[in-house]
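A structural walkthrough
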Amino acid sequence: HVGYNEKDKVRGNDAINSLEEALQVGKSSKPDLILHGGDLFHENKPSRGCLYRTMDLLRQYTLGSGEVAFEVVSDPAVSFSRGMVNYQDPNMNVECPFFMIHGNHDDPAGESNLSACHLLEVAGLCNYFGHHEDLEDIVIRPLLLSKGRSQVAIYGLGNIRDERLHRAFQARKVRFETPVDPDKWFHVMVIHQNRHKGSKGGLPSKSCIHEEMLPSFLDLVIWGHEHDCQVKPQESLRGEFYVIQPGSSVATSLTPGEAGLKHVALIDLKQGVFRCNPVPLWTVRPLVIRDIVLSETGLLKTDTQAIWNALSSEVDSMITQGEEEVQRRAKELEARGKFGPRKLEVPKLPLIRLRVEHSGFDTISASTFGNQFVGRVANPDEVLLFHRKGGGGAVGSRKVQGLGDVLEIEENLVSGDDGVKIQDIIYKYIDGEQNLQVLPEPDLNDAVQSFVHRAEPCAIERFVKEVVEATNQAVLKESRAVGEEEIRVQIQDRAETLRQQRLAAAQGGAEQGSLSGPPTERASQAKPEPAGLVDEPIGFEDAPTAAVLGEPEAARGRGRGGRGRGGARAGRGRGKRSADDFDDRPPKQPRNSQAWPPDSQRSVAAAGAAAAASVAAASAAPAPAAA
């Protein structure tokens, strides 16, 4: 989240400092590669200063005269827009390749459909993969890496709107391609989506991705987007793979999940077994969070001064705790030593958040209250958060009437991530009797989201233009109406048909409409596949296990030899497969994450902000590398 709060004089450098520490950890561990799980930048259009400092850090910590010990054995043209890995560029001298996917903050946008990640890639500073343009047919092809006897397939999936990706999984529009002999490969997936946390997770089931949606042949999933640091490998719900959730390296919201110590993960991997070594980030600003219930303090409901004094005393205690944590982290950072050209420091001022349950009590001004702690905390304006028991709403909220008497929303005056989305406001207003007569409301919602959250000034204009043009073409080709009123009715009917199709797709789990015309059937259209890969359609209810099926005699065999796998070179081919082919396979048990061969090692470090990887050669003789 480089660039988060960058204009704040106190907290502006927090994200870039934590990124540098993560890169120092990777550099000191002598990794083979760095793997990043998305949201390198906090803004879709990062500032020039933010881009400059990030590129400068990547040059310092990823370029050099060292040798790259692994080999990319898949076709780079399939995974990377430049058609090559950056360390293979004769004009670059890369020592530690940096691989990344995009997140929801730095995803591609605009007419060019480019992101800041593309700028880093074209500058030769990163290897950007996992970008899927065709959301009607998402094909996830692995990045195949080999070193010695270790072989790794990395499946990248950059952020896609959660509801849309959820429907794509249910409609079996997400397909995985696997290498030949998948049991010989260690399968790692890097994903950046909302993670389903059950009924108490706070998100609708269709607004997140369930672990059971992912294919069973995976061995390890590195889950980005979630800020809670759960770097210790957790077994999936079905027991088929492990999940590592490194979390964010900077607190972008003052919530309990952000209060824990942040880590990067150093993942050692050899021949199908791995171990995860968490490495703490000491430069992350400490966050102290507490809750207080005013009704349990014995204070009078109208005694504002007593409430003020009680809250001030509680905050003073929290500041003391935060200062002690600052001193502890400074000592730990000093003991670690200096691994880069610049000595890093722990931020002096902690973040403080006191959540006050005030049902039945008068409130005080949070900003005025925070003024007394200026110079002692990093967030004086956000120290207090007032809330009521279930259904009470947050303080600082008021009802706003707008657009006649139809629209009634909450305008949240307290900063946070729980505010109402503007596209939901507009959709609520135009849903019903006020529905549009030409523009489909669901697609307008998407355009508004791009306009607001991705800062695309032409998003709505482009959407209106495309819909109007498509409507005109449909009327000219299909209409037999003569009068103006008949044409108007036909246009309205067409818009309503598209609208109902989109809404039905959202409810039924299969999106059948398109933005500019009638629904199209694309799931059955097969696309050319790179050699050495097998197609795997993945569904929500039935996620098959990877397997290489038989092929008609007329088809060529498939395989790849002589490039890190050994053996004679085989031919290529492709076979059709169905879900029934996987029903007879016994359930796969996750590979032991602790078993470790004594003679060699392999490591990959992963973090929500940065992830570093390291591998030692599996034999004394020079050999290709594995990720």
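We now turn to the structure provided with this report.

Bringing empty space enclosed by the protein into the picture now. Taken as a whole and judged by the stated rule, the model has seven cavities of 30 Å³ or more. Approximately 80 Å³ is the volume found for the largest cavity. Of all the elements, helix 1 (residues 14–28) adds the most residues to the lining of the largest cavity, at three residues. Along the lines of polarity and charge, the residues of the lining of the largest cavity split into six nonpolar, four polar and three charged.

Moving on to the state of the cysteines. Two cysteines whose sulfur atoms are joined by a covalent bond form what is called a disulfide. For the structure shown, the criterion picks out zero disulfides. Counting only cysteine sulfurs, Cys229 is the nearest neighbor of Cys276, a cysteine outside any disulfide, at a range of 9.4 Å. Residue Cys276 is classed as buried on the basis of its relative accessible area, which comes to 15%.

Looking now at the pairing of strand 15 (residues 287–293). Strand direction decides the pairing type here: strand 15 and strand 16 (residues 351–357), joined by seven bridges, are parallel. Counterpart to Ile292 in the pairing with strand 16 is Val356. In terms of handedness, the path from strand 15 via helix 6 (residues 304–336) over to strand 16 forms a crossover that is right-handed.

On to the layout of surface pockets, then. Roughly 480 Å³ of volume is contained in the second largest pocket. Forming the walls of the second largest pocket are 24 residues, and the residues nearest its centre are Val78, Ser79, His131, His132 and Arg141. Per element, the largest residue contribution to the lining of the second largest pocket is three residues, and it comes from helix 3 (residues 76–79). Looking at side-chain class alone, the lining of the second largest pocket contains nine nonpolar, nine polar and six charged residues.

Inspection of every chain in the model, using the stated rule, returns ten aromatic pairs. Judged by centre distance (6.2 Å) and plane angle (50°), the rings of Phe80 and Phe99 are tilted. Of this pair, Phe80 sits in the loop between helix 3 and strand 3 (98–100) while Phe99 sits in strand 3, placing them 19 residues apart in sequence. Across the pair, Phe99 and Phe80 agree in class, each one buried. Seen from their ring centres, Trp308 and Phe369 are 5.2 Å apart, and the 70° between their planes marks the pair as edge-to-face. Within this pair, whereas Trp308 is found in helix 6, its partner Phe369 is found in helix 7 (residues 366–370), the two being separated by 61 residues in sequence. Three or more aromatic residues link up through ring pairs in this structure, and these residues are Phe70, Phe80, Tyr87 and Phe99. Across from the ring centre of Trp223, 5.5 Å away, lies the NZ or CZ of Arg195, which sits over that ring.

With 15 residues, helix 2 (residues 48–62) should reach 21 Å at 1.5 Å per residue; the first-to-last C-alpha distance of 21 Å fits that figure. Packed against the buried residues of helix 2 are helix 1, strand 1 (33–36), strand 3 and helix 4 (116–122).

This part covers the sheet that holds strand 6 (residues 143–147). If you walk across this open sheet you meet the seven strands as 2-6-7-9-10-12-11, and the pairing is mixed. What marks the edges here is a single partner per strand, and that holds for strand 2 (71–72) and strand 11 (230–235). Taken together, the six bridges between strand 7 (residues 150–157) and strand 9 (residues 186–192) define a ladder with parallel strand orientation. Following the sheet pairing, Leu157 is matched in strand 9 by Ile191.

Another aspect to go through is the environment of Val264. Looking at the element boundaries, Val264 is found in strand 13 (residues 263–270). With 33 residues separating them along the chain, Val264 and Val231 place their C-alpha atoms 7.5 Å apart.

Turning our attention to the packing of helix 1 against helix 2. Between helix 1 and helix 2, the shortest axis-to-axis distance is 10 Å and the interhelical angle comes to 10°. By the criterion of interaxial angle, the relationship of helix 1 to helix 2 is roughly parallel. Contact residues: helix 1 offers Ile16, Leu19, Glu20, Leu23, Gln24 and Lys27, while helix 2 offers Arg53, Thr54, Leu57, Leu58, Gln60 and Tyr61. Looking at the contact of helix 1 with helix 2, its residues break down into six nonpolar, three polar and three charged.

This paragraph deals with unusual backbone geometry. Negative phi values dominate among residues other than glycine, just as trans dominates among peptide bonds. Phi at His225 takes a positive value of approximately 80°, unusual for a residue other than glycine. Mapping His225 onto the fold places it in the loop between strand 10 (220–224) and strand 11. At Gln271, a position not held by glycine, the phi torsion is positive, near 45°. With respect to the helices, strands and loops of the structure, Gln271 is situated in the loop between strand 13 and strand 14 (273–280).

What counts, and where the lines are drawn
Residues numbered from 1 in each chain as written. Predicted model: local features only at pLDDT ≥ 70, side-chain atom pairs only at ≥ 80, totals over all residues. Heavy atoms only, no water. 1 Å grid on protein atoms, 1.4 Å probe; cavity = no way out; pocket = protein on both sides within 12 Å on 5 of 7 lines; lining within 4 Å. Points joined across faces, edges and corners; volume = space filled by probe spheres on them. Helix = DSSP H or I, 4+ residues; strand = E, 2+ residues; numbered from the N terminus. Nonpolar A, V, L, I, M, F, W, Y, C, P; charged D, E, K, R; others polar. Disulfide = S-S within 2.5 Å. Buried < 20%, exposed > 50% of the residue type's maximum accessible area, 1.4 Å probe, protein only. Pairing = 2+ DSSP bridges. Right-handed = clockwise from strand over helix to strand, strands pointing away. Phe/Tyr/Trp six-rings, centres within 6.5 Å; stacked < 30°, edge-to-face > 60°. Lys NZ or Arg CZ within 6 Å of the ring centre and 35° of its normal. Expected span 1.5 Å × (residues − 1). Contact = heavy atoms within 4.5 Å. Axes fitted to C-alpha atoms, helices over the stretch in contact; angles between N-to-C directions. Parallel < 35°, antiparallel > 145°, perpendicular 65-115°, else oblique.

Interpretation in functional terms is not warranted from these geometric data alone.
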